[in-house]
Amino acid sequence: AQSVTQPDIHITVSEGASLELRCNYSYGATPYLFWYVQSPGQGLQLLLKYFSGDTLVQGIKGFEAEFKRSQSSFNLRKPSVHWSDAAEYFCAVGARYGNKLVFGAGTILRVKS
Amino acid sequence: GAVVSQHPSRVICKSGTSVKIECRSLDFQATTMFWYRQFPKQSLMLMATSNEGSKATYEQGVEKDKFLINHASLTLSTLTVTSAHPEDSSFYICSARVPSGGAVISHEQFFGPGTRLTVL
């Protein structure tokens with residue numbers, strides 16, 4: 001069965017600083033990987049996804065993520081954080097022949113000015 | 001991108017009553033929709049998978065008689081919380097999967113804005 005670990009519950013960064021949110025997954029085959037963002041009281045918005053091909057994927061709002069099979073990781077990065085990026089971020093994994101997404105526990109990002 | 005709506009956005013009800021939440025795909029047809037539950041400061045937990053024209057598939061531990069799911073059309077799935085109790089208070093989120101061609105299932109899901117249920 002798939003599982004996702006987001007080791008950081010909270011992260012605080014200064015506006016303009018770089019950001020990396022960690023995500024490790026457990027799955028026996030090639031996973032489908034996603035990053036979603038959720039603002040308070042809202043649904044989830046897809047930032048980016050990895051299905052196959054180039055392991056560095058670009059997403060919306062200036063985010064990117066890199067799939068590293070050897071480390072079972074799919075970390076999310078942004079070179080310069082804006083105050084509007086403050087939200088909760090979820091990493092998710094799906095199986096190629098499965099039907100469901102499994103979500104990590106989420107990382108709350110705080111941006112200080 | 002694909003848009004999914006939920007109605008209502010928030011609902012307050014008395015204990016023992018039933019509440020229906022609607023999930024609609026606005027600009028695409030969704031043969032599969034998903035219902036999640038999210039407790040405060042926690043992740044999304046999949047409750048059930050809703051398939052158009054057939055019975056929903058419930059996750060282990062989810063009471064199918066309490067959380068009734070109906071997916072009567074390609075654009076609408078409903079979740080009815082029957083005989084609601086305070087412990088059912090939560091944030092309920094639906095998602096719809098965009099159909100993909102070929103043998104590989106597309107896992108891209110588009111999420112609704114969620115429904116905040118408070119049971120008094």
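Reading guide: rules and limits
Residues numbered from 1 in each chain as written. Chains lettered and ligands numbered in written order. Predicted model: local features only at pLDDT ≥ 70, side-chain atom pairs only at ≥ 80, totals over all residues. Heavy atoms only, no water. Salt bridge = Lys/Arg side-chain N within 4 Å of Asp/Glu carboxyl O. Helix = DSSP H or I, 4+ residues; strand = E, 2+ residues; numbered from the N terminus. Buried < 20%, exposed > 50% of the residue type's maximum accessible area, 1.4 Å probe, protein only. Contact = heavy atoms within 4.5 Å. Buried area = accessible area lost by both parts, 1.4 Å probe. Nonpolar A, V, L, I, M, F, W, Y, C, P; charged D, E, K, R; others polar. Pairing = 2+ DSSP bridges. Axes fitted to C-alpha atoms, helices over the stretch in contact; angles between N-to-C directions. Disulfide = S-S within 2.5 Å. Polar contact = N/O pair within 3.5 Å; in protein donor to acceptor, adjacent residues only side chain to side chain.

Overview of the pattern of salt bridges
Residue and element names in this part refer to chain A.
Next up, step 1: Evaluation of the coordinates by the stated rule reveals seven salt bridges over all chains.
Next up, step 2: With its nearest N and O atoms 2.9 Å apart, the salt bridge here joins Asp8 to Arg22. Here the residue Asp8 occupies a position in the loop between strand 1 (3-5) and strand 2 (10-14), and Arg22 occupies one in the loop between strand 3 (19-21) and strand 4 (24-26), the gap between them amounting to 14 residues.
Next up, step 3: The exposure class assigned to Arg22 is partly exposed, which follows from its relative accessible area of 39%.

Things to note about the interface of chain B and chain A
Next up, step 1: At the interface, 21 residues of chain B touch 22 residues of chain A.
Next up, step 2: Surface buried jointly by chain B and chain A totals about 1800 Å² across both partners, of which 55% is contributed by carbon and sulfur atoms.
Next up, step 3: The partner of Lys100 of chain A in a salt bridge is Glu59 of chain B, with the nearest N and O atoms 3.0 Å apart.
Next up, step 4: If you list the elements that add at least two residues to the side of chain B that touches chain A, you get strand 4 (32-38), strand 5 (44-51), strand 9 (90-97) and strand 10 (109-111) of chain B.
Next up, step 5: Ranked by residue count, the leading element in the side of chain B that touches chain A is strand 4 of chain B, at four residues.
Next up, step 6: Looking at side-chain class alone, the side of chain B that touches chain A contains 10 nonpolar, eight polar and three charged residues.

As for unusual backbone geometry
Next up, step 1: A cis amide bond, omega 0°, links His7 of chain B with the succeeding residue Pro8 of chain B.
Next up, step 2: The topology assignment puts Pro8 of chain B in the loop between strand 1 (4-7) and strand 2 (10-13).
Next up, step 3: In this model, Lys61 of chain A sits at a positive phi of 60°, which is unusual for a non-glycine residue.
Next up, step 4: Tracing the backbone shows Lys61 of chain A in the loop between strand 7 (56-58) and strand 8 (64-68).

Digging into the sheet that holds strand 7 (residues 67-73) of chain B
Residues and elements named next belong to chain B.
Next up, step 1: Pairing is antiparallel across the open sheet formed by four strands, whose spatial order is 1-3-8-7. Because the sheet does not close on itself, it has two edges, and the strands there are strand 1 and strand 7. Taken pair by pair, the neighbouring strands of this sheet meet at an average axis angle of 15°, ignoring direction.
Next up, step 2: Where strand 7 and strand 8 (residues 76-81) come together, five bridges link them in antiparallel fashion. Residue Ile69 lies in a different strand from strand 8, and its bridge partner there is Leu79.

Side note on the state of the cysteines
Next up, step 1: Summed over all chains, the structure comprises two disulfides over all chains.
Next up, step 2: With its sulfur 2.0 Å from that of its partner, Cys23 of chain A forms a disulfide with Cys91 of chain A. Taking the sign of the S-S torsion, about -65° here, the bridge from Cys23 of chain A to Cys91 of chain A comes out left-handed. Within this pair, whereas Cys23 of chain A is found in the loop between strand 3 and strand 4, its partner Cys91 of chain A is found in strand 10 (residues 87-94), the two being separated by 68 residues in sequence. Of the two residues, Cys23 of chain A and Cys91 of chain A, neither departs from the other in class, the shared state being buried.
Next up, step 3: Bridging Cys23 of chain B to Cys94 of chain B, the disulfide has an S-S length of 2.0 Å. With the S-S bond torsion at 80°, the cross-link from Cys23 of chain B to Cys94 of chain B turns out right-handed. Residue Cys23 of chain B is found in strand 3 (residues 19-25), and its partner Cys94 of chain B is found in strand 9; the two are separated by 71 residues along the sequence.
Next up, step 4: For Cys23 of chain B, a relative accessible area of 0% translates into the label buried.

A short note on the side chain of His71 of chain B
All names here are of chain B.
Next up, step 1: Mapped onto the fold, His71 is located in strand 7.
Next up, step 2: Classification of His71 by relative accessible area gives buried; the value is 5%.
Next up, step 3: From its side chain, His71 meets the backbone oxygen of Ala30 in a polar contact 3.2 Å long.
Next up, step 4: Beyond its immediate sequence surroundings of up to four residues, His71 is in contact with Ala30, Thr31, Thr32, Met33, Ser50, Asn51, Glu52, Gly53, Leu76 and Ser77.

Quick notes on the pairing of strand 3 of chain B
Residue and element names in this part refer to chain B.
Next up, step 1: Residues Val19, Ile21, Cys23 and Ser25 line the buried face of strand 3, whereas the alternating positions Lys20, Glu22 and Arg24 sit on a face that is not buried.
Next up, step 2: For strand 3 and strand 8, the ladder comprises six bridges, and the chain directions are antiparallel. Bridge assignment links Glu22 to a residue of strand 8, and that residue is Thr78.

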